[in-house]
Amino acid sequence: MRILTWNILHGGGRHRLPHLLMAMVELRPDVIVVTEARRRFAGQLAAALADAGLSHHLHTDPPDNTNGVLLVSRFPLQRTARPDLPECLRYRWIEADLPDSGLAVAGVHLAEAAKRTEHTLGWRTLLRAAR
C-alpha cells in the first residue's frame with residue numbers, strides 16, 4: 001500500500017494544479033491525503049485523480065477560502081466519525097476505513113504554530129487519537 005500526503009497550499013492554483021496532479025500520479029499512490037484542499041479545487045482534483053484510478057474520495061468540505069483535507073483512494077472508503085474533535089480541527093481532520101485492506105487512515109492538517117492554542121490543542125487531540 002503506497003500512501004502519499006501532499007500539502008497543496010490553498011488549493012494549488014489553476015496554473016499549478018496540472019503539475020501537482022502529474023507529480024502525484026507519477027508516484028503511483030494507492031491513497032492520497034491532500035491538505036489545504038479548498039472547496040474550489042478539491043472537486044477538480046478528485047475528478048482528475050479518479051481518471052488516474054483513484055476513484056474514491058472524501059473531503060471535509062470547508063467553507064470558501066478555508067483549508068480542508070481531501071482523501072482519495074483506489075479502494076472504497078468508509079468515513080468514520082470522531083465526535084470529540086475540537087472546532088479548530090473541524091475541517092482539518094478526516095478519517096476513513098479502507099475495508100478491502102483492513103486499514104484505517106486519518107488525514108490531519110494542524111493549525112499554524114502562530115495560532116499557538118489551536119496548534120497545541122491539535123497536537124493533543126492527535127496524540128490522544130493515536131493512543
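Residues numbered from 1 in each chain as written. Predicted model: local features only at pLDDT ≥ 70, side-chain atom pairs only at ≥ 80, totals over all residues. Heavy atoms only, no water.

S.K.: I'd like a description of unusual backbone geometry, backed by residues and values.
M.R.: Positioned with a positive phi, Asp-61 is a non-glycine residue whose angle comes to about 50 degrees. For Asp-61, the position within the fold is in the loop between strand S3 (56-59) and strand S4 (69-73). Look at Asn-65: it is not a glycine, yet its phi comes out positive at around 60 degrees. For Asn-65, a relative accessible area of 65% gives the class exposed. (Helix = DSSP H or I, 4+ residues; strand = E, 2+ residues; numbered from the N terminus. Buried < 20%, exposed > 50% of the residue type's maximum accessible area, 1.4 Å probe, protein only.)

S.K.: An account of a nonpolar patch on the surface is needed here, citing residue identities and associated values.
M.R.: Taken together, Met-1, Ile-3 and Leu-103 make up a surface patch of nonpolar side chains, about 280 Å² in accessible area. Tracing the backbone through its elements, the reader meets Ile-3 in strand S1 (residues 3-7). Classification of Ile-3 as exposed rests on a relative accessible area of 52%. (Patch = residues over 30% accessible without salt bridge, like charges linked within 9 Å, V, L, I, M, F, W, Y side chains within 5 Å. Areas by Shrake-Rupley, 256 points an atom, 1.4 Å probe, with all protein chains shown as cover. Salt bridge = Lys/Arg side-chain N within 4 Å of Asp/Glu carboxyl O.)

S.K.: Tell me about the sheet that holds S4, residues and numbers included.
M.R.: Within the open sheet, the four strands sit side by side as S1-S2-S4-S3. Their pairing is mixed. In this open sheet, the two edge strands, each paired with only one partner strand, are S1 and S3. On average, each strand axis in the sheet is tilted by 15 degrees relative to the strand beside it, whichever way the strands run. One ladder, built from five bridges, connects strand S2 (residues 31-35) with S4; its direction is antiparallel. (Pairing = 2+ DSSP bridges. Axes fitted to C-alpha atoms, helices over the stretch in contact; angles between N-to-C directions.)

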